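Residues per chain are reported as follows:
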Amino acid sequence: MTNLLVRCHYLAVVYAMLLLGCPTIAFAQTTIAGVVTDATTKEKLPFVSVAVPGAGIGTNTDENGRFTLQIPAQYTSVVFTSVGYGTVTKTIVPGRTQEINVQLATTATALKEVVVQGSKAPRYRNKENPAVALIRQVIEHKEQNRPERYDYVEYDKYEKMSFSLSNLSEKFKNRKFFRNYQFLFQQQDSAAAGGVNILPLYLEEKLTREYYRKNPEKRKVVALGTKQAQFDKSFIDNGGLSSYFNRMYQDIDVYDNRITLLGNQLLSPLANTAPTFYQYFITDTLRENTPPLVELTFGPRNREDLLFQGKLYVTLDGNYAVQQADLSVDKRINLNFIKSLDARLQFAENPDRRYHLSKSELAIDFGVSSNKGSGFYGERTVVYQQYQVNQSRPESFYESTTPTEDTTTARSAAFWQQHRPDSLNERESAIYKNVDTLQTIPSFRRTLELFTFLLAGYKSFGPFEVGPANTFYSFNPVEGFRLRLGGRTTPEFSKRLYFETYAAYGFKDEKWKYFLSSTYSLNNKSIYAFPQNFVRASFQRDTKIPGQDLEFVQEDNFLLSFKRGVNDKWLYNDTYRLDYVHEFNNHFSYTLGLKKWQQSPAGGLYFRTGTPDTSVEVGALNTTEATLGLRWAPQEAFYQGKLYRVPIVGPFPVVTARFTTSLKGLLASQYSYRNVTLNVTKRFYMAPLGIASVTLEGGYTFGQAPFPLLTIHRANQTYSYQLNSYNLMNFLEFSSDHYASLFVDHNFNGFFFNKLPLIKRLKLREVASLKLLYGGLRQENNPNVQPELFQFLQDQQGRPTTFALGKQPYAEASVGVSNIFKLFRLDVVKRLNYLDHPNVAEWGLRGRFKLDF
């Protein structure tokens, strides 16, 4: 749920954060952009040739008639040609960024009517297809055409990212709400976003110097400067929004097998298996270029699959390198909220006649409707300059710890004017000033405050904020009607010291519950910022369901008050904790903890020792534990906010290990035991077959302890589908002192549904999961053998409801449909064994909210 709210919050507001930097070089170039249309019909013309006479430089208009071209300053004209239209030559002003919109007239000579008769067009085949033979040569040579082929590579990298509201009507602009915002509408550009009106809101620029060494492989990034439109930090975390946008708009490597965009992976047209999923056609040969180029048009065999369409321009010099790539997606593709997506990659020649990426442009038009209505338009331009290969540097250079962020003051306007290779147009230049002006309008601040409360659940009062709102009211069988109110301090109170608290009252048990924590940052950063380094002390008195371990959700969330089956076994917990957390820049972290824990049974839960005939009630269970936790998450990124952070799942494994030992006799601790757990989680991207998330976990408890102190396996009696819980297992159903588990959750991203008539229009996606649990109890921890331990639970009919796993594993599987109304996932879950246990269900229907592209 937090993941969903974070995504909503980032898509609802626009902004950026701030890094800084150092020098590069000014560039004498001319940049032209515009739209080509039919002079008579005014329709936008795709695939019109835009060329510079005598320069061997050119491009084509995209499907919306748009083009952008960068030209050395010595050239002063550009020619527009297209089959069936007259040629148009335009004069350009050297060294300036300018807009050139062109109308092409049809040629005077019309073709006489031609009647074509013949058999049906032959079926597309890879065999004996010259286009497929060519693409196989490109695939075979792609490793030699990548930068990683060189021993050393370094370059300057300039990034420009902008976002705007798009397709705004006059009615929208003239609403009473926007009476004080008319200055924002003064910089509209009807040539952008395929010809619709846009309202610029956000701009971010970055300048870095990047270094690569092949053996041993090492990459180093030195930040030179960052400039971003900044929103009020009281409402929006500028750094977190920047991270989210940068994840949406990632670098595109056409030579890679899979290209990551918008959190999804699309199979590249140059992937090793691409000829199986794409169709290729040779559509032109450009012999005036040096070297000659072949225009290769490609598209998906199935239009709804997560694949690209577009053109590749391949060199005919024996290197089979890509000199330009134009990528887009079909409107029917199984992506959410995407009206259009266009990318253009341009490559420049190296001294050894190989090519490197010199410029990439990515433009995405977002909207709830794929055809009409207002939306959100984003552009990202990346320019690579000062490209140098095989220039060696000493070992110490790569090992030195250069900060990836420049924390000095912002670079001046003169610095950016001198060093940005693409000068800002009038529309972009106004964004920085407009965003600053927005902060002074009271209605805008009130709007941000409302969004923060609705989407994040907190109401800010400066140094303290109250929430989360979804926990104010809930109910359960033990407490009955429950009210809760809490909050936490913000960085405005202190950047080092943080407090969090809540109080709750149950009207059935008539008991107060409360929580208080104090956290001190040891590295002068927010305790939510990477890398963390803090110490925290806390006390909590509250209820808990043993074995319930929810993901990103507070356990007293109102929506989770609704549970299936018998749900009366609860605990009253008094927990004192002292924790120290230390993260390192390489994403390794460790945690040291000390916990004093008292558990008292509530509701239908009881603690009893002895045999059923001679049982003795135990009022409370006391233990004191020391814990060491280790975690390694290479290249992990986060949705980062002022007062939260949520990990972004990536392709690298996350390894977590934990060692816990009880301290018998310390603070009334009653038992002596030790526990070791290991968890490995990895996401596998298998485009076009989707994404699989796999988790392996194992644990072992040494020594003797009653079952509440062993591993009570994660059950779920809510109606929500929990990825890391057993969705048809009852609370407290299984307890183990040794176990191993496997969770597999696969999202096919519509690979099968996309091929079914009618159903493919719904853009549904198939999901499937399998969960296995092996485990058991040694004799020393089996209460049926050791009467001094707590008895396993029984229901009112005397039937056991808590068990040890037998020789066969617990297993459940599910199949489901996600992306229902672009928001919901619904799974049919089947429990495969242990069906003779009381109050269990063989089948279940579970739902889950999921907002994604």
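Residues numbered from 1 in each chain as written. Predicted model: local features only at pLDDT ≥ 70, side-chain atom pairs only at ≥ 80, totals over all residues. Heavy atoms only, no water.

Trainee: An account of the overall build of the protein is requested, with residue identities and associated values reported.
Mentor: Scanning the protein for helices and strands turns up nine helices and 44 strands. Across the 853 residues of the protein, 53% fall into the buried class. Put simply, of all contacts in the protein between residues at least 6 apart along the chain, 65% involve residues at least 24 apart. Element-wise, carbon and sulfur atoms account for 56% of the exposed surface of the protein, whose accessible area totals about 39,200 Å². (Helix = DSSP H or I, 4+ residues; strand = E, 2+ residues; numbered from the N terminus. Buried < 20%, exposed > 50% of the residue type's maximum accessible area, 1.4 Å probe, protein only. Contact = heavy atoms within 4.5 Å. Areas by Shrake-Rupley, 256 points an atom, 1.4 Å probe, with all protein chains shown as cover.)

Trainee: I'd like a rundown of the pattern of salt bridges, residues and numbers included.
Mentor: All told, the structure shown has 40 salt bridges when counted by the stated rule. Via salt bridges that share partners, Glu143, Arg146, Glu148, Arg219 and Asp253 belong to a single interconnected network. (Salt bridge = Lys/Arg side-chain N within 4 Å of Asp/Glu carboxyl O.)

Trainee: For the environment of Arg258, give the residues involved together with the corresponding values.
Mentor: By the secondary structure assignment, Arg258 is in strand β12 (residues 258-261). Overall, Arg258 belongs to the partly exposed group, its relative accessible area being 31%. In this structure, the C-alpha to C-alpha distance between Arg258 and Leu307, residues 49 residues apart in sequence, is 9.9 Å. Every residue in contact with Arg258, bar those within four places of it in the chain, is listed here: Gln265, Leu266, Leu267, Ser268, Tyr685, Met686 and Ala687. A polar atom in the side chain of Arg258 sits 3.5 Å from the backbone oxygen of Tyr685. (Polar contact = N/O pair within 3.5 Å; in protein donor to acceptor, adjacent residues only side chain to side chain.)

Trainee: Could you give an account of helix α2 (residues 130-141), with specific residues and numbers?
Mentor: In a regular helix each residue adds 1.5 Å, so twelve residues correspond to 16 Å; α2 covers 17 Å between its end C-alpha atoms and thus fits that length. Listed in full, the buried residues belonging to α2 are Ala131, Val132, Leu134, Ile135, Val138, Ile139 and His141. Structurally, α2 contributes buried residues whose contacts are with α5 (274-277), β14 (278-286), β15 (293-300), β16 (309-315) and β17 (322-328). Between a side-chain oxygen at the N-terminus of α2 and the backbone nitrogen of Ala131 the separation is 2.9 Å; the capping residue is Asn129. (Expected span 1.5 Å × (residues − 1).)

Trainee: Could you give an account of the side chain of Thr519, with specific residues and numbers?
Mentor: By secondary structure assignment, the location of Thr519 is in strand β26 (residues 511-521). Polar contacts involving the side chain of Thr519 include one to the side chain of Arg536, which spans 2.7 Å. If sequence neighbours within four positions are ignored, Thr519 has contacts with Arg496, Leu497, Tyr498, Ile527, Phe534, Val535 and Arg536.

Trainee: Explain the packing of aromatic side chains to me, and be specific about the residues and the numbers.
Mentor: Using the criterion set out here, one finds 37 aromatic pairs in the structure. Measuring from ring centre to ring centre gives 4.7 Å for Tyr700 and Phe702, while their planes differ by 50°; the resulting arrangement is tilted. Here the aromatic rings of Tyr726 and Tyr810 are separated by 5.5 Å at their centres, their planes lie at 85°, and the arrangement is edge-to-face. Pair noted here: Tyr726 is in the loop between β38 (711-712) and β39 (735-736) and Tyr810 is in strand β42 (residues 810-820), with a separation of 84 residues, a long-range link. Ring pairing ties together the aromatic residues Tyr473, Phe475, Phe481, Tyr505, Phe507 and Trp512, which thus form one cluster. One cation-aromatic arrangement involves Lys511 over Tyr572; the distance from NZ or CZ to the ring centre is 5.4 Å. We note Arg608 situated over the ring of Tyr606; from NZ or CZ to the ring centre the distance is 3.9 Å. (Phe/Tyr/Trp six-rings, centres within 6.5 Å; stacked < 30°, edge-to-face > 60°. Lys NZ or Arg CZ within 6 Å of the ring centre and 35° of its normal.)

Trainee: So what about unusual backbone geometry? Which residues, and what values?
Mentor: At the junction of Gly467 and Pro468, the peptide bond is cis and its omega measures out at -5° in the coordinates. Mapping Pro468 onto the fold places it in the loop between β22 (464-466) and β23 (473-476). Each neighbour pair has its own omega, and for Phe530 with Pro531 the value is -5°, a cis peptide bond. In this model, Lys42 sits at a positive phi of 65°, which is unusual for a non-glycine residue. Topologically, Lys42 is positioned in the loop between β1 (29-38) and β2 (49-52). Not every positive phi belongs to a glycine, and Phe821 is a case in point at roughly 55°.

Trainee: Break down the side chain of Asn749 for me, with residues and values.
Mentor: Summarising the element assignment, Asn749 is placed in the loop between β40 (738-747) and β41 (765-776). Looking at Asn749, the relative accessible area reads 8%, which means it is buried. The residues touching Asn749, leaving out its near neighbours within four places in the chain, are Asn264, Leu306, Asn334, Gly690, Ile691, Asn754, Arg765 and Glu766.

Trainee: An account of the nonpolar core is requested, with residue identities and associated values reported.
Mentor: With 89 residues, the main nonpolar core has Leu262, Tyr280, Phe308, Leu312, Leu341 and Phe366 as its most contacted residues. At seven residues, the largest contribution of residues to this core is made by strand β10 (residues 198-213). Ile545, Tyr572, Tyr721 and Val829 belong to the second-largest nonpolar core, a separate cluster that totals 20 residues. (Core = buried A, V, L, I, M, F, W, Y, C linked by side-chain atoms within 4.5 Å.)

Trainee: Lay out the pairing of β16 in plain terms, naming residues and giving numbers.
Mentor: Side-chain positions along a regular strand alternate between the two faces of the sheet. The element β16 is extensively covered by neighbouring structure, given that seven of its seven residues are classed as buried. Of the two faces of β16, the one lined by Gln309, Lys311, Tyr313 and Thr315 and the one lined by Gly310, Leu312 and Val314 are each fully buried. Two elements, β15 and β16, share six bridges in a ladder whose sense is antiparallel. Paired with Thr297 across the bridge in β16 is Lys311. Pairing analysis gives six bridges linking β16 to β17, with the strands arranged antiparallel. Residue pairing for β17: Tyr313 is matched across the bridge by Gln324. Hairpin connection of β16 to β17: six residues between the antiparallel strands, including Gly318 at a positive phi of 90°. (Pairing = 2+ DSSP bridges.)

Trainee: Go over a positive patch on the surface, please, and point to the residues and values.
Mentor: Together, Arg123, Arg125, Lys127 and Arg301 give the surface a local cluster of positive charge. Within the element layout of this structure, Arg301 appears in the loop between β15 and β16. On the basis of relative accessible area, Arg301 is assigned to the partly exposed category, the value being 37%. (Patch = residues over 30% accessible without salt bridge, like charges linked within 9 Å, V, L, I, M, F, W, Y side chains within 5 Å. Lys, Arg positive; Asp, Glu negative; His and termini not counted. Charge placed at Lys NZ, Arg CZ, Asp CG, Glu CD.)

Trainee: Residue-level account of a nonpolar patch on the surface, with values.
Mentor: On the surface, Leu592, Leu628, Leu630, Phe659, Val676, Tyr700 and Phe702 cluster together to form a nonpolar patch covering roughly 540 Å² of accessible area. For the nonpolar patch, the secondary structure elements donating two or more residues are β32 (621-632) and β37 (691-703). Checked against the element boundaries, Val676 lands in strand β36 (residues 673-685). Assessed through its relative accessible area of 35%, Val676 is described here as partly exposed.

Trainee: I'd like a description of helix α8 (residues 426-438), backed by residues and values.
Mentor: With 13 residues, α8 ought to run about 18 Å at 1.5 Å a step, and its terminal C-alpha atoms sit 18 Å apart, in line with that. Taken residue by residue, α8 has Arg427, Glu428, Ala430, Ile431, Tyr432, Asn434, Val435 and Leu438 as its buried positions.

Trainee: Requested: an account of the environment of Tyr498, with residues and values cited.
Mentor: Tracing the sequence through the fold places Tyr498 in strand β25 (residues 497-506). Placed 19 residues apart in sequence, Tyr498 and Ser517 show a C-alpha to C-alpha distance of 8.1 Å.

Trainee: Run through the environment of Pro269, naming residues and quoting values.
Mentor: Note on placement: Pro269 falls in the loop between β13 (264-267) and α5. Relative accessible area serves as the criterion here: at 0%, Pro269 is assigned to the buried category. Residues Pro269 and Lys311, 42 residues apart in the sequence, show an inter-C-alpha distance of 9.7 Å. Residue contacts for Pro269: discarding those within four places in its chain leaves Ile135, Val254, Ala274, Tyr278, Tyr280, Phe298, Phe308 and Leu327.

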